[in-house]
Amino acid sequence: MAVTTKHLIEDHFELKAWVYVSEPFDVVGLTKAILKSFKSSADDESIFNLLQDKLQHILTGKKYLLVLDDICNGNADYWEQLLLPFNHGSFGSKIIVTTRDKEVAYVLNSTKIFDLQQLDKRDCWSLFVTHAFHGKNTSEYPSLESIGKKIVNKCGGLPLAVKTMGQLLRKKFSQHEWIKILETDMWCLSDVDNNINPVLRLSYHNLPSNQKRCFSFCSIFPKGSRFGKDESIKLWMAEGLLKCCGAGKSEEELGNEIFSDLESISFFQQPYHLIVGRYKNHFVMHDLINDLANSVSEDFFVQINGCMVEGIPERTRHIRCSLQLTYVDKSLEPICQLKGLRSLLLKGDGSILISNDVQRDMFSQLKYLRMLSINGCGLSELVDEISNLKLLRYLDLSYTQITSLPDAICMLCNMQTLLLGNFDKLTELPSNFSKLINLRHLKLPYSLKKMPKHIGNLSNLQALRYFKVEEQNGSDLKELEKLNHLHGTLQITGLGNVIDLVDDAATILKNKKYLEEILMTFNGGREEMRGSYVVRQVSILDALQPSSNLKRLTIKN
């Protein structure tokens, strides 16, 4: 068997990490990211010296490969401080950096510099043909070939520009459309604004209006970050960007179409390590594409990293904020003054605690919020003032320490997405939970002891992580019958608790034509019923008949 370069690298280095270097430069955040890439958790630590000690301990005597991707900061003191622990690695260790600024390479004392040149004309044309003609013989389209070569010359040898333009023209495969793009004045626009490549701006200009709005919203994702396809679509839904649906088309279906179209012109990309890894439905934006998104979204979107950014424009509508312990109040106090805010996405590292007073301030003043994420913040409870957010459509409470949800949350009747994943202390939901009749996506924690009462009333649900049959009687399985819009995967646990099935039990699963996968787990069951356990298992399986559209069925225990 041939040994690949990938296998040689894996065998040669004991430790391997690929880390994107964000702006602004954050030594604490970058050290944490490196530790995480080395499979070492550092979420509970925010003191730089302690993080450096931990990194040094991991590296000592080990041969490592570190890739620092897209460095912009050339401050020698910062880098000397950050890279000090790497002096303790074994001989043969390597650090590779990528940068668009040659000065950075000199600051880091690079021993070898590879200066990537623009693609030559022949390679540019070959790349363009692959995407624009998509298998067609160019000799059969002499006029398009002539126009295409002139367009390629305008791309300046930038592979991303050539690929994006090729994919755009593939969708507009006519002489009239190609000439229109060749002769547009947009090639001549001087961009003082972030030096946006004219090809990329032209590609954006030619998008349909709904795709433009969805793409510009993605400026809320930080440079270099990965984002989930489903996450993006849920955020677009919450912002109302998918309301103009065609007949018989759901918002989710329209969102999937728009996402696929943006992916097809390389505005969204899947790096190889995401395609084959656990993040196969996650994407990134190239830095030049991210610059484009920020350019077209103007100042409606603001990102805050760690500390407060002074002078947030009053017309800001969307904020993504990475919280640090020292700056929680400083960051949130001025945000609460932005009365027209529609999205507030907070990200903590597990050690951040948002006090009840700050919560009350937020929920009482930011009444126009459509989206709220408090992901990774150390909340132990959610205050009743959450009920003030009547327009809220998206709420993410994942990775918090909440032990119970207030009844007030059941008053948020516009809620479409509620994410309660990765809880380990939440065992029960409010009794009026079924009032959230507009819920479409519900992610429940496995710590729940029983399903919400009357969950069958949430008939608009399209995504439900799992359904748990109650330990006491098992009679609530019937609640599943009304949830016929469920998509994707459904896990049913506790089937051993089912004692008696209703006569029409076959309809519980049979009408769920959008489900692709079902997992049935026969745990549970009272001790005195063990004698008839096998008989009941067979009768349950006989009664629960899935739709013929099902692609995968797993039965456990």
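Quick caveat, the model's predicted, so the values are computed rather than measured.

Asker: Help me get a handle on the overall build of the chain, residues and values and all.
Answerer: Helix and strand counts for the chain stand at 19 helices and 17 strands. Considering the chain as a whole, with its 557 residues, one finds that 47% of them fall into the buried category. Contacts in the chain between residues at least 24 apart in sequence constitute 60% of all its contacts with a sequence separation of at least 6. With an accessible surface of roughly 28000 Å², the chain has 50% of that area assigned to carbon and sulfur atoms.

Asker: So, the pairing of strand β15 (residues 488-493): which residues are in play, and what are the values?
Answerer: Bridging between strand β14 (residues 466-468) and β15 involves 3 bridges; their strand directions are parallel. Note on β15: the bridge partner recorded for Y466 is Q491.

Asker: Tell me about the sheet that holds strand β2 (residues 64-71), and name the residues and values.
Answerer: Taken in spatial order, the 3 strands make up an open sheet running β1-β2-β3, and their pairing is parallel. Each having just a single partner strand, β1 (15-20) and β3 (94-99) make up the two edges of the open sheet. For this sheet, the mean inter-axis angle between neighbouring strands, taken without regard to orientation, is 10°. Bridge count between β2 and β3: 5 bridges; the pairing is parallel. Paired with L65 across the two strands is K94, which belongs to β3.

Asker: Go over unusual backbone geometry with me, naming the residues and quoting the values.
Answerer: Phi is positive for S266, close to 65°, though the residue is something other than glycine. Structurally, S266 can be placed in the loop between α13 (251-264) and α14 (272-275). Of the residues examined, S266 reaches a relative accessible area of 1% and is grouped as buried.

Asker: Run through the confidence of the model for the chain, naming residues and quoting values.
Answerer: Summary statistics for the chain give a mean pLDDT of 85 and a share of 89% for residues scoring 70 or more. The element-level mean pLDDT for the chain is lowest in α14, coming to 59, with strand β10 (residues 394-396) highest at 96.

Asker: So what's going on with the sheet that holds β14? Residues and values would help.
Answerer: Read across the sheet, 4 strands follow the order β14-β15-β16-β17 without closing on themselves; strand pairing throughout is parallel. Lying at the two open borders of the sheet, with one neighbouring strand each, are β14 and β17 (552-556). Strand-to-strand, the axes of this sheet are offset by a mean angle of 15°, without reference to chain direction. Where β15 and strand β16 (residues 515-521) come together, 5 bridges link them in parallel fashion. From the neighbouring strand, T489 faces β16, where its bridge partner is E517.

Asker: Which residues make up the packing of aromatic side chains, and what are the values?
Answerer: Counted under the stated rule, the structure contains 18 aromatic pairs. Ring centres of Y204 and F215 lie 5.9 Å apart, and the angle between their planes is 50°; this geometry places the pair in the tilted category. Taken together, the residues Y204 in helix α10 (residues 198-205) and F215 in helix α11 (residues 209-217) connect sequence positions 11 residues apart. Note on Y204: relative accessible area 14%, which makes it buried. Ring geometry for F227 versus F268: centroids 5.4 Å apart, planes at 75°, classification edge-to-face. Of this pair, F227 sits in strand β4 (residues 227-228) while F268 sits in the loop between α13 and α14, placing them 41 residues apart in sequence. Residue class for F268 comes out buried when judged on its relative accessible area of 1%. Here the aromatic cluster, defined as three or more aromatic residues joined through ring pairs, consists of W125, F128, F133, Y141, F173 and W178.

Asker: Describe the side chain of T316, listing the residues and the values that go with them.
Answerer: Among the secondary structure elements, T316 is positioned in the loop between β6 (301-306) and β7 (318-323). At 2.8 Å, the side chain of T316 and the backbone oxygen of P313 are in polar contact. Those residues in contact with T316 that lie beyond four places of it in its chain are D299, F300, V302 and L341.

Asker: Tell me about the packing of helix α6 (residues 121-132) against helix α7 (residues 142-153), and please be specific about residues and values.
Answerer: Here α6 crosses α7 at 120°, and the two axes come no closer than 10 Å. Judged by the inter-axis angle, α6 sits oblique to α7. Like other packed secondary-structure pairs, α6 and α7 cross with a definite hand, here right-handed. Residues K121, C124, W125 and F128 of α6 lie in contact with α7, whose contacting residues are E145, G148, K149, V152 and N153. Of the residues that constitute the contact of α6 with α7, the class distribution is 4 nonpolar, 2 polar and 3 charged.

Asker: Quick rundown of the environment of L323? Include the residues and the values.
Answerer: Relative to the elements of secondary structure, L323 occurs in strand β7. By relative accessible area, L323 is classed as buried at 5%. Placed 19 residues apart in sequence, L323 and I304 show a C-alpha to C-alpha distance of 8.2 Å. With residues near it in sequence (within four places) discarded, L323 still touches S331, L332, L346, K347, I352, I354 and C377.

Definitions and limits used
Residues numbered from 1 in each chain as written. Predicted model: local features only at pLDDT ≥ 70, side-chain atom pairs only at ≥ 80, totals over all residues. Heavy atoms only, no water. Helix = DSSP H or I, 4+ residues; strand = E, 2+ residues; numbered from the N terminus. Buried < 20%, exposed > 50% of the residue type's maximum accessible area, 1.4 Å probe, protein only. Contact = heavy atoms within 4.5 Å. Areas by Shrake-Rupley, 256 points an atom, 1.4 Å probe, with all protein chains shown as cover. Pairing = 2+ DSSP bridges. Axes fitted to C-alpha atoms, helices over the stretch in contact; angles between N-to-C directions. pLDDT = per-residue confidence, 0-100. Phe/Tyr/Trp six-rings, centres within 6.5 Å; stacked < 30°, edge-to-face > 60°. Polar contact = N/O pair within 3.5 Å; in protein donor to acceptor, adjacent residues only side chain to side chain. Parallel < 35°, antiparallel > 145°, perpendicular 65-115°, else oblique. Left-handed = near helix turned anticlockwise from the far one by under 90°. Nonpolar A, V, L, I, M, F, W, Y, C, P; charged D, E, K, R; others polar.

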